[in-house]
Amino acid sequence: MIPSLMPTYNRADLAFERGEGAWLWTGDGRRFLDFGSGIATASIGHAHPHLVQAIAEQAARVMHTSNLYRIPQAEKLAARLVETSFADSVFFCNSGAEANEGMIKAVRKYHAEQGHPERFVTICFEGAFHGRTLATLAATGNEKYIAGFGPPVQGFKHVPFGNMNALRDAIDGTTAAIMVEPIQGEGGVRPASLDFLRQLRAAADEFGLLLALDEVQTGMGRSGKLWAHQWAGIEPDVMSSAKGIGGGFPLGAILAKERVAQYLKPGTHGSTYGGNPLACAAGNAVLDVILAPGFLDGVDRVARHLWRGLQELALRHPAVVEGVQGAGLLVGLKLRPEVSNGEMQNAAVAEGLLTVAAGMNVLRLAPPLIITEAEADEALRLLDRTCLRCTPSKVRDAAK
């Protein structure tokens, strides 16, 4: 018999009863250090008092009214996001896939309104992950995810990540935009070089394209700046955000410059739940924490401390770890072929550490942004024990 909860996930046999900060507890009292944070989503940790209070107070007043009416909480959050980003206007939705779907629509609508409806193709990159709707699956381009769902949605080309020659060769009269993650999370925690991001901006300007950034996983402070592209000193034309923006409450957003946003008029796009009072109360509470003086400096400091520790870990366990990659508090351990990331993830659970597998045999670390150096050190200690568990037997025998 199929279970009542549709079996679309390979779930670990863990059920968490409560959380606090960077820690989670199961119903039987086991404690875990959470370095997955719900796949980079519990940005300010579990049960953060300010977020809990904001959600509880808003839920006691009004949770949902629909976008048939003004929503002051959404107006406030949009104004704050505009003030702290490149954008002039914001659309709220519920998830990263929704945000990316809407961003793709915004790109196509822009060119159609400019008198060029033939420009509807978005250039994406191999190894990307943009979501699981039909359009975002096509933008992702991974055959494993596309198989069985009929012909892929038209309008996407894929080129190697980091390859400007391939990108330029792919541009033609149908090209509308370049869509890229500053760090490919699901694709192996692979960061785009800052120079590559700058070259993408220059190419978009040269050919009259829009630069669309997927900051679903990298935004909201995860890189040590509010938005990861800020390290490169560039601005996109349109950008998606989700995951950490609501601290665990479902919330997504499309941020855009006026020249793009102006064409998403009434009737062109919408969302029943998007930007409702409860979601935006959560978003404002998260932003309160992240924008507090010194918070992002602290994220950067702890991230650099963790990075140094992971590099030392790789040197101690060369039979397990090939290298460290990523940026900020989105970091990947590239494992040797003899050690699968699934095996490593299970071994980490056995040691009391939660992580997330990623593509290219990478173990992803994406802890809450509120972790301390002491908690980073504890994660390093648990990872050291995890590496010992995963060291191939022939290497252990040789060491003896």
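Figured I'd write up the structure that's included with this text. Remember, it's a predicted structure, so these values are computed and weren't measured experimentally.

With that settled, the discussion passes to the overall build of the protein chain. A tally of helices and strands in the protein chain yields 14 helices and 17 strands. In terms of overall dimensions, the protein chain is globule-like: its C-alpha atoms have a radius of gyration of 21 Å, near the 21 Å expected for 400 residues. For the C-alpha atoms alone, the extent of the protein chain along its principal axes is close to 70 × 55 × 55 Å. Long-range pairs, those at least 24 residues apart, make up 72% of the contacts in the protein chain with a sequence separation of at least 6. Put simply, the protein chain shows about 17,900 Å² of open surface, and 53% of that area lies on carbon and sulfur atoms. Of the charged side chains in the protein chain, 38 are positive and 41 negative, and the gap between their average positions amounts to 2 Å.

Okay, the nonpolar core next. Counting 87 residues, the largest nonpolar core has Phe92, Leu200, Leu310 and Leu333 as its most contacted members. At 9 residues, helix H11 (residues 295-316) tops the list of elements feeding residues into this core. Ranked by size, the runner-up nonpolar core spans 21 residues in total, among them Tyr110, Ala176, Ala256 and Tyr263.

At a closest axis distance of 9 Å, the pairing of helix H12 (residues 341-351) and helix H13 (residues 373-390) adopts a crossing angle of 125°. Overall, the two elements H12 and H13 adopt an arrangement that is oblique. Handedness of the crossing formed by H12 with H13: right-handed. Along its contact with H12, which presents Glu343, Met344, Ala347, Ala348, Ala350 and Glu351, the element H13 presents Leu382, Arg385, Thr386, Cys387, Arg389 and Cys390. Across the contact of H12 with H13, the residue classes tally to 7 nonpolar, 1 polar and 4 charged.

The buried fraction of strand E5 (residues 121-125) amounts to 5 of the 5 residues, a majority that puts the element mostly inside the structure. Burial along E5 is two-sided: Val121, Ile123 and Phe125 facing one way and Thr122 and Cys124 facing the other are all buried. Where E5 and strand E7 (residues 175-180) come together, 3 bridges link them in parallel fashion. Following the sheet pairing, Ile123 is matched in E7 by Ile178.

The rules behind the values
- Residues numbered from 1 in each chain as written.
- Predicted model: local features only at pLDDT ≥ 70, side-chain atom pairs only at ≥ 80, totals over all residues.
- Heavy atoms only, no water.
- Helix = DSSP H or I, 4+ residues; strand = E, 2+ residues; numbered from the N terminus.
- Rg over C-alpha atoms; globule rule 2.2 N^0.38 Å.
- Contact = heavy atoms within 4.5 Å.
- Areas by Shrake-Rupley, 256 points an atom, 1.4 Å probe, with all protein chains shown as cover.
- Lys, Arg positive; Asp, Glu negative; His and termini not counted.
- Charge placed at Lys NZ, Arg CZ, Asp CG, Glu CD.
- Core = buried A, V, L, I, M, F, W, Y, C linked by side-chain atoms within 4.5 Å.
- Buried < 20%, exposed > 50% of the residue type's maximum accessible area, 1.4 Å probe, protein only.
- Axes fitted to C-alpha atoms, helices over the stretch in contact; angles between N-to-C directions.
- Parallel < 35°, antiparallel > 145°, perpendicular 65-115°, else oblique.
- Left-handed = near helix turned anticlockwise from the far one by under 90°.
- Nonpolar A, V, L, I, M, F, W, Y, C, P; charged D, E, K, R; others polar.
- Pairing = 2+ DSSP bridges.

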